[in-house]
Amino acid sequence: MKYALYYYDACPFCQRVLRALPGVKVEVEKRNVLTNQEFRKQQYTATGRTTVPCLLISDNGKDTWMFESADIIRFLQSR
């Protein structure tokens, strides 16, 4: 399973998730949607939203997108 966090630095909810990442046991790729417009485009194409933070969960070719910082943190801590 692969994880990618769509975020930007000035977002307080993104910062909440970023601060939790060192405490999780899985690797999470960070994708800044402001410094790389391609990441923003990927998220919007897949979800119809540009809201961050957003976690992309890729499992054997199936992608699931999760919003809400508390849900993302809880999910990653359970892995």
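Before reading further, recall that the structure is shown in the block above.
Values in this document were obtained by computation on a predicted structure and should not be read as measured data.

Peer 1: Which residues make up the packing of helix α1 (residues 12-20) against helix α3 (residues 69-77), and what are the values?
Peer 2: Where α1 meets α3, the axes come as close as 9 Å, and the angle between the chain directions of the two elements is 10°. In terms of orientation, α1 lies roughly parallel with respect to α3. Both α1 and α3 take part in a crossing whose hand is right-handed. Counting all contacts with α1, which are made through F13, R16, V17 and A20, the residues of α3 involved are S69, A70, I72 and I73. A per-class count over the contact of α1 with α3 returns six nonpolar, one polar and one charged.

Peer 1: I'd like a description of the sheet that holds strand β2 (residues 28-32), backed by residues and values.
Peer 2: Strands sit in the order β2-β1-β3-β4 across an open sheet of four strands; the sheet is mixed. The sheet terminates laterally at β2 and β4 (62-67), the two strands that pair on one side only. Each adjacent strand pair in this sheet contributes to an overall mean axis angle of 20°, direction not counted.

The rules behind the values
Residues numbered from 1 in each chain as written. Predicted model: local features only at pLDDT ≥ 70, side-chain atom pairs only at ≥ 80, totals over all residues. Heavy atoms only, no water. Axes fitted to C-alpha atoms, helices over the stretch in contact; angles between N-to-C directions. Helix = DSSP H or I, 4+ residues; strand = E, 2+ residues; numbered from the N terminus. Parallel < 35°, antiparallel > 145°, perpendicular 65-115°, else oblique. Left-handed = near helix turned anticlockwise from the far one by under 90°. Contact = heavy atoms within 4.5 Å. Nonpolar A, V, L, I, M, F, W, Y, C, P; charged D, E, K, R; others polar. Pairing = 2+ DSSP bridges.

None of this, on its own, says anything about what the molecule does.
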